[in-house]
Amino acid sequence: MTNPTQQKVYVFEDFRLDAATRLLYRNGDQVQITPKAVETLIALVESEGKVIGKEELMQKIWADTIVEESNLAQYLHVLRKTLGETSDGRPYIETLKRRGYRFNGAVRVVKNGNGLATSTEVAEDFDPPPNEQSQAANPISRRVERHRNVRVFSNLAAARETVEPVSVERSDNIYEISDWRREPVADTSPAVVPPTRSKWFAPLVIVVLVAGFAGILFGIYKLGMRDQSAEARSVPFRGSDITRLTTSGRSKRAAISPDGLYVAHIIAGADGDSLWIRQVAVANEARIAAPSQRALVWVTFAPDGNFVYYLALERDKGETELFRVPVLGGPILKVANDIGPPAFSPDGTRLAFMKMNQKESRLIVAGTDGTNEVVLVSRHDPDYLNIFWQAPAWSLDGKSIAFPVNQSDEKGRYETVLAVDVETRVERKLTDTRWQQLGQPRWLADGLVVTASESSTAPNQLWHISLPDGTASRITRDLNNYQNLSLTKDAKTLAVIQNHTVSNIWTVGQDGAGAKQIMSEAGWLNELIWLPDGRLAYTSNAGGNSDIWTMNADGSNIRQLTVGANARLGLAVTADEKQLIFVAEREGKYNLWRIGIDGSNLTRITDGNGEFYPQCTPDGRWIIYQSGGNYPTLWKMPIGGGAATAITQTSASRPSVSPDGKFVAYHYLDSSIERSRWGIGISRLEDGQRIKRFDFPATVAERIVRWTRDGKSIAFLNSPGGISNIWTQPLDGGEPKPLTNFPSDSIITFNWNADGSQLAVIRGVETSDVLLINRSSSK
């Protein structure tokens, strides 16, 4: 690697790379990646746009140390996730098959050892001509830079000179050479006396040539800008004006009226969710549905714009209710029961919605009152329709319905969008693009707009799918999350919810006293456990990917344990205190993995269609886990590996093993109760027999259960007044009571240490507002 004493600092777009301190910054904030990942990035940047082979890159990073190639792959994976793409859509780190790797960013050296400011930029890749080696040996060489059918030739060296590029300015795929610095080299050849000419002749020729060359490059630059503008115009809503309609940070769901005059949005408050109507032209809004303890999970307009429909769900129940209210307020009427988020047909006579029935998910068309159901599409586990509080979308002519689906093929599991013909029920693929997560689709005249993310840790962005060719293009390219989009009838205005989240880790003393925040991080922190030595292990996206990190109980000594693991949705430590069991996502599948507590011996231990939330029994014999996501059950497998056996035959999620290892607690939806009801279940590990059930209070928003360390109570999350705290339910049947007393925010997860003297808690602050994106007439 480059000697740190050179003090080089590299700048590319939003990033600043300090080679001396081995630190990377984005917009002034330090990016949390390992030192070796930074060294890998420095090696790539210092290659100055040239392809660097795998062996050479490993030698630069590890020198004389022998390491596995998988280590390099992990660091490159982290860097790709962290850096993403350049402003023109190219990956910052590009892999060239059988050749190596190349850094594609426009780099500025703002500080180096000799105090000279330099600037370089990486050129587009092209295959070198057959006589490249002979050209390199020739004292006069030329470099060819290509843009479609345009070639620009520039002298890089003259006889007996070495040439150092000072700056190369780029627009789209056109490169402009702004200056060259030449350093003379001692010449020992016989002197040649040239003919005598005026001392101004050579400079005059240079001026003329430079002026002509600059004119050519300026023309090429304008051509590139015109091409770039044409490309932007071809993607609807890209580069359009964005207006923040709300600023409270509490808008959960929203819909824009067909005529674009109103936006209906659901606001979360201390008294519960309420529904509001807002005029777009002026800052004037009114409440049209009062707060209640029901969760309002969906809102939409009737096609004629006269009514607002919203979907409500009692938090302890499993069935929804659809209500209708006049757009400016008035009597509220219940119109349907037990349906998913609905989408109206263009003529307003039918509803389409998706619904889960145990292991089967369905796309259904029905009357506007939810009756006369007709099933158009059906999927069985492990494939499923992505029904999680999003609606299907009718095409503009009412002949097709687009819907998001999670499915798999030989390449792995992924999500995409399909369409079904309403009359023939024939399905068709709309795009070949594969996403990790796909949200709400909406039809345009020339395709669809969807929300989607490319990986499990990437933010949901807005995408356009062009039809009929199926080309998918990103509309937004930022770190925000977008969800729940809707369109006006003329498709000129798009309403969408934008989310921001900050997570905090707290420690709490016995009986809920002495709460103290020990760290904070942008985004969601998902898992948190205590290690036997008193440290904490948790999953974080700080390195650009979801990995396992450790720290002391006071927040000090933060260390990254895995690189590129994609760890989430479960973390546990074995009874012998030597291994961690966690859930990792690979190619869209979630399975159980194990790793040494020192970060060694990473191994996959399950290969099913989805295993989550592992727990280890105190006797060191078993791993208890959730199998499946839509209709989950509990299973156990030997800690050393082997065949798994079912614990429960009915639905059960997120297990927690009792301190004595005899019982398992979980949450589940009991369909035997009228309208179904969520509750806490307790079963024997030996035979899976359920021995107790407790109903969740109606104020429970996030369902997660834990045994208290004395084994006498079950702790769960409860949110009366919209504030999340930990409550305990005694096993003897007494009334539940609060354990913590946080005044705000939500709790994501929690865990006790070994002796029960301390509690670690992840709390989150989420803000969400309505944005309007107005499509210009040129788009």
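What you are looking at is a predicted structure, and each value in this text was computed from that prediction instead of being measured.

### Overview of the overall build of the protein chain
Here's step 1: Counting its secondary structure elements, the protein chain contains five helices and 59 strands.
Here's step 2: The buried share among the 779 residues of the protein chain stands at 49%.
Here's step 3: Contacts in the protein chain between residues far apart in sequence, at least 24 positions, make up 42% of those at least 6 positions apart.
Here's step 4: With the model as given, the accessible surface of the protein chain reaches about 36300 Å², and the carbon-plus-sulfur share is 49%.

### Structural notes on the pattern of salt bridges
Here's step 1: One pass over the full model with this rule turns up 26 salt bridges.
Here's step 2: Between Glu-85 and Arg-477 there is a salt bridge, with its nearest N and O atoms 2.2 Å apart. One end of the pair, Glu-85, is in the loop between helix H3 (69-83) and strand E5 (93-96); the other, Arg-477, is in the loop between strand E34 (472-474) and strand E35 (481-487), and 392 residues separate them in sequence.
Here's step 3: Here Arg-604 makes a salt bridge to Asp-607, at a shortest N to O gap of 4.0 Å.
Here's step 4: According to the relative accessible area criterion, Asp-607 is exposed, its value standing at 56%.
Here's step 5: Residues joined by salt bridges that share partners form a network here, namely Asp-670, Arg-677, Arg-693 and Asp-695.

### Let's talk about the environment of Asp-769
Here's step 1: Checked against the element boundaries, Asp-769 lands in strand E59 (residues 758-774).
Here's step 2: Judged by its relative accessible area of 8%, Asp-769 falls in the buried class.
Here's step 3: In the structure, Asp-769 is positioned 524 residues away from Leu-245 in sequence and 7.4 Å away in space, judged by C-alpha atoms.
Here's step 4: Once residues within four sequence positions are removed from consideration, Asp-769 is found in contact with Arg-244, Thr-246, Thr-247, Ser-248, Gly-249, Arg-250, Ser-251, Val-496, Ile-497 and Gln-498.
Here's step 5: Among the polar contacts listed, one links the side chain of Asp-769 to the backbone nitrogen of Thr-247, at a separation of 3.3 Å.
Here's step 6: Within the structure, Asp-769 has its side chain in polar contact with the backbone nitrogen of Gly-249 (distance 2.9 Å).

### Thoughts on the nonpolar core
Here's step 1: If you look at the biggest cluster of nonpolar residues, it comprises 33 residues, and the most contacted ones within it are Phe-12, Leu-17, Leu-24, Leu-41, Leu-83 and Phe-103.
Here's step 2: Of all elements in the fold, only strand E1 (9-12), strand E2 (15-18), helix H1 (35-45), helix H2 (54-62), H3, strand E6 (100-103) and strand E7 (106-111) reach the threshold of two or more residues within this core.
Here's step 3: Top contributing element to this core by residue count: H1, with seven residues.
Here's step 4: Other than its neighbours up to four places away in sequence, Leu-24 contacts Phe-12, Phe-15, Arg-16, Leu-17, Asp-29, Gln-30, Val-31, Ile-33, Leu-41, Thr-82 and Leu-83.
Here's step 5: Counting residues in each nonpolar core, the second largest holds 32 residues, with Leu-322, Val-335, Leu-376 and Val-420 among its members.

### A word on empty space enclosed by the protein
Here's step 1: This structure, assessed with the given rule, holds two cavities of 30 Å³ or more.
Here's step 2: Quantified by volume, the largest cavity comes out at close to 90 Å³.
Here's step 3: Secondary-structure elements contributing two or more residues to the lining of the largest cavity are strand E38 (528-530), strand E42 (567-573), strand E46 (611-616) and strand E50 (653-657).
Here's step 4: Considering each element in turn, the lining of the largest cavity owes the most residues, three residues, to E46.
Here's step 5: Here the residues of the lining of the largest cavity sort into six nonpolar, three polar and three charged.

### As for unusual backbone geometry
Here's step 1: Between Asp-381 and Pro-382 the backbone carries a cis peptide bond, its omega angle lying at 10 degrees.
Here's step 2: Along the chain, Pro-382 turns up in the loop between strand E25 (374-380) and strand E26 (384-385).
Here's step 3: Look at the link from Leu-467 to Pro-468: it is a cis peptide, with omega at 15 degrees.
Here's step 4: Relative to the assigned elements, Pro-468 resides in the loop between strand E33 (461-466) and E34.
Here's step 5: Although it is not a glycine, Glu-13 adopts a positive phi angle of roughly 50 degrees.
Here's step 6: Residue position: Glu-13 is located in the loop between E1 and E2.
Here's step 7: What makes Glu-13 partly exposed here is its relative accessible area of 41%.
Here's step 8: Phi is positive for Asn-557, which is not a glycine, with a value near 55 degrees.
Here's step 9: If you trace the backbone, Asn-557 turns up in the loop between strand E40 (547-551) and strand E41 (559-560).
Here's step 10: The exposure class assigned to Asn-557 is partly exposed, which follows from its relative accessible area of 39%.

### Details of the confidence of the model for the protein chain
Here's step 1: Here the protein chain averages 81 in pLDDT, and 81% of its residues register 70 or above.
Here's step 2: Across residues 112-211, confidence stays below pLDDT 50; counting only partners more than four residues off in sequence or on other chains, it has 138 contacts.
Here's step 3: Confidence over residues 216-233 falls short of pLDDT 50; this stretch has 21 contacts with residues more than four positions distant or in other chains.

### Re H2
Here's step 1: Restricting attention to buried positions, one finds in H2 the residues Leu-57, Met-58, Ile-61 and Trp-62. When H2 is viewed along its axis, its buried side chains cluster within an angular range of 105 degrees and face the same direction.

### Notes on the environment of Thr-562
Here's step 1: Tracing the backbone through its elements, the reader meets Thr-562 in the loop between E41 and E42.
Here's step 2: Separated by 33 residues in the primary sequence, Thr-562 and Ile-595 place their C-alpha atoms 8.9 Å from one another.
Here's step 3: Other than its neighbours up to four places away in sequence, Thr-562 contacts Asp-547, Ile-548 and Ile-595.
Here's step 4: Looking at Thr-562, its side chain comes within polar contact range of the side chain of Asp-547, at 2.7 Å.

### Structural notes on the sheet that holds strand E57 (residues 737-738)
Here's step 1: Spatial strand order, E54-E55-E56-E57: four strands in an open sheet with antiparallel pairing. Where the open sheet ends on each side, the last strands, each with one partner, are strand E54 (705-707) and E57.
Here's step 2: The sheet contact formed by strand E56 (residues 725-730) and E57 spans two bridges and is antiparallel. For Trp-727, the partnering residue across the bridge sits in E57 and is Pro-738.

### Things to note about the sheet that holds strand E22 (residues 343-344)
To summarise the sheet geometry, strands pair through backbone hydrogen bonds and adopt either a parallel or an antiparallel arrangement.
Here's step 1: Sheet architecture is open: four strands sit in the order E22-E23-E24-E25, paired in antiparallel fashion. Each having just a single partner strand, E22 and E25 make up the two edges of the open sheet.
Here's step 2: When strand E24 (residues 360-367) meets E25, the two strands line up antiparallel, connected through six bridges. Its bridge partner being in E25, Ile-364 is matched across the sheet by Val-375.

### Observations concerning H1
Here's step 1: Taken across its 11 residues, H1 has nine buried, putting it largely inside the fold.
Here's step 2: All of the buried residues along H1 are Ala-37, Val-38, Glu-39, Thr-40, Leu-41, Ile-42, Ala-43, Leu-44 and Val-45.

Definitions and cut-offs
Sequence order sets the numbering: in each chain, residues are counted from 1 along the sequence as written. For a predicted model such as this one, the threshold for reporting local features is a pLDDT of at least 70, and the threshold for listing and counting side-chain atom pairs is 80 or more; totals across whole chains, interfaces and linings nevertheless cover every residue. To obtain the side-chain values, all non-hydrogen atoms of the structure were used and water was disregarded. Under the DSSP-based scheme used, a helix requires at least four consecutive residues in state H or I and a strand at least two consecutive residues in state E, with every element numbered from the N terminus. Note on exposure labels: buried denotes an accessible area under 20% of the residue type's maximum, exposed denotes more than 50%, and partly exposed covers the range between, all computed with a 1.4 Å probe on protein chains only. Here, two residues are considered to be in contact whenever any of their heavy atoms come within 4.5 Å of each other. For every accessible area listed, the method is Shrake-Rupley and the probe measures 1.4 Å; residues are considered covered only by the protein chains on display. Salt bridge, as used here, is a side-chain nitrogen of Lys or Arg placed within 4 Å of a carboxyl oxygen of Asp or Glu. We define a polar contact as two N or O atoms separated by no more than 3.5 Å, with the added condition that, inside protein, one atom must be a possible hydrogen donor and the other a possible acceptor, whereas residues neighbouring each other in sequence contribute only through side-chain atom pairs. Definition of nonpolar core: a set of buried residues of the types Ala, Val, Leu, Ile, Met, Phe, Trp, Tyr and Cys, connected through side-chain atoms within 4.5 Å. Both site types are read off a 1 Å grid over the protein atoms alone. A 1.4 Å probe that fits but cannot get out defines a cavity, while an open set with protein on both sides within 12 Å along at least five of seven lines defines a pocket; lining residues have an atom within 4 Å of a point. Grid points are joined across faces, edges and corners, and a volume is the space filled by probe spheres set on the points. Charged means Asp, Glu, Lys or Arg here, nonpolar means Ala, Val, Leu, Ile, Met, Phe, Trp, Tyr, Cys or Pro, and polar covers whatever is left, Gly included. The pLDDT value tells you how sure the predictor is about a given residue, anywhere from 0 up to 100. Read the arc as the range of directions from the helix axis to the C-beta atoms. Here a strand pair is declared whenever DSSP counts at least two bridges between the two strands.

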